[in-house]
Amino acid sequence: MELITAKFLVVTPMFLGESGSVCADGIRGSSVKGALRATFRALSWARIRSEKSSDEDALKQLHREESDLFGAAAGQNIALGQAKFLLRVKTFESIRTRKELAGGTDEIKYLLGMGLYHFKNGMLRDHIAAGGEFELELALKPSLTAQQKQQLIDTIKLFGFLGNLGSRARKGFGSVSLTELKYGDDLSLPTTVDAFKDELIRLIGHDLPTSLPPLTAFSKHTHMQISATGSDAFQLLKKHGSELGRYRGFGHKVGDVHKTFGQTSEANFKGDHDWAYDVAKGNGKAILPQRAVFGLPHPYKLSSDVKIEVDSSTGRRASPLFAHVHQLPCGQCLLVHSLLKAVFLPQSANVNVKTKGQKDIAIRKVDEQINWGVIETFLNRFTDKDVVL
């Protein structure tokens, strides 16, 4: 069989679990395959949508192509079949699991959030430390077409330039960087910031759909930028946490003022804060807080907790903002932000606001209330940004 091999560096701490709070002792093939599938969908949508007359037809074709390449699982209403490649992950001895995060500042703790960090108990889960390496090997079956081979190579590249694995992946944890790619011979990888940008643009393409996609995928509405650069990946992750926390947070009261990370709170979303208190008192209106655009559920820790969640089987809508820390071969690190705008929720989905002791509030027509400018304003905080898309 022909082989594609790719080597990756773990750039930021990775919370890749097995069960409960147990951390995996290596990188699992199922985790990588799931990330590759998501990358394939995001990358293929523009091409397929241009060939179809409707989103519905394009989605069906996308599912067919994904299932043909990666395999179909039971319950997908698609003829069951195996993937057109065999995937194996080799974890090197450099992979180490740890409990505490060295340099775990308030900004990092903010990004970790509930489930990974507790202000009294500290770290709640082990993690795979930054600096480890793993290798991905794909053994290609003879039935794989030339087009599918190129799609796999492009998918691996994009995952290696923007990808993350594990919990809090969209907040920058579990960032991986592609350091070596072979298909017969070594395939060239970008070594400079400009080359990195050019390769991203080549992979994503210029002929992108003008309508919002119904899934997380690239379109004319996508915004991508290199927000900051530096020699220390962890410091870039901290910068992301600092800017996000100060932008979104109302802060904790210290004396007569509210503070975030020791600085006077910006209170950019006082309206959200006041709305949550009204809800807790039973006086809340059926409107969506502005910060809900960062993803749901969206909790408020008050005397009577307020939680906004999607009325669905998962109760979630993952954030459309992706943070990734990429390391170039020279050691230079890049903080990359990608805003992949898409239909926020299906028309049939409601959002429920739950408060102990109060009647639930149902918020309808969610997409009409979504303000993408909230995230765009956050991205503009990075004054030295280098826009890619």
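Below is a short write-up of the structure.

Cut-offs and rules
- Residues numbered from 1 in each chain as written.
- Predicted model: local features only at pLDDT ≥ 70, side-chain atom pairs only at ≥ 80, totals over all residues.
- Heavy atoms only, no water.
- Salt bridge = Lys/Arg side-chain N within 4 Å of Asp/Glu carboxyl O.
- Buried < 20%, exposed > 50% of the residue type's maximum accessible area, 1.4 Å probe, protein only.
- Helix = DSSP H or I, 4+ residues; strand = E, 2+ residues; numbered from the N terminus.
- Expected span 1.5 Å × (residues − 1).
- Contact = heavy atoms within 4.5 Å.
- Pairing = 2+ DSSP bridges.
- Axes fitted to C-alpha atoms, helices over the stretch in contact; angles between N-to-C directions.

Any two side chains of opposite charge can pair, on the condition that their charged atoms come close. The full count for this structure, using the stated rule, is 24 salt bridges. Note that lysine 182 and aspartate 186 form a salt bridge whose closest N and O atoms lie 3.9 Å from each other. Judged by its relative accessible area of 32%, lysine 182 is partly exposed. Take aspartate 186: its relative accessible area is 54%, and that puts it in the exposed class. The partner of lysine 270 in a salt bridge is aspartate 274, and the shortest N-O contact between them spans 2.7 Å. You can see lysine 270 and its partner aspartate 274 sitting in helix H7 (residues 270-280), 4 residues apart, about one turn around the helix. Taking the relative accessible area as the measure of exposure, aspartate 274 reaches 31% and is therefore partly exposed. Ionic contacts of the salt-bridge type, sharing partners, join the residues Lys239, Glu243, Arg246, Glu266 and Arg381 into one network.

The subject of this paragraph is helix H5 (residues 193-204). Taking 1.5 Å per residue as the helical rise, H5 with its 12 residues ought to reach 16 Å, and the 17 Å between its terminal C-alpha atoms agrees with that figure. Within H5, the full set of buried residues consists of Val193, Phe196, Lys197, Glu199, Leu200, Ile201, Leu203 and Ile204. On its buried side, H5 packs onto helix H1 (29-51), helix H4 (146-162), strand S10 (223-230), strand S16 (321-327), strand S17 (333-339) and strand S20 (386-387). Positive backbone phi, at 90 degrees, marks glycine 205, one or two positions downstream of H5.

Let us now look at the pairing of strand S8 (residues 176-183). Bridging between strand S1 (residues 2-10) and S8 involves 6 bridges; their strand directions are antiparallel. Note that in S8 the partner of valine 10 across the bridge is valine 176. Note that S8 and strand S9 (residues 185-186) share 2 bridges and pair antiparallel. Counterpart to lysine 182 in the pairing with S9 is aspartate 186.

Further remarks concern the sheet that holds strand S19 (residues 361-363). Strand-to-strand pairing in sheets goes through backbone hydrogen bonds, with the strands running parallel or antiparallel. Here 4 strands make up an open sheet; going across it, the order is S14-S15-S18-S19 and the pairing antiparallel. Sheet topology places strand S14 (298-300) and S19 at the edges, where each strand pairs with a single neighbour. Sheet twist, expressed as the average angle between the axes of neighbouring strands with direction ignored, equals 20 degrees. H7 contacts S14, strand S15 (306-310), strand S18 (351-355) and S19 of the sheet and is inclined by roughly 100 degrees relative to S15.

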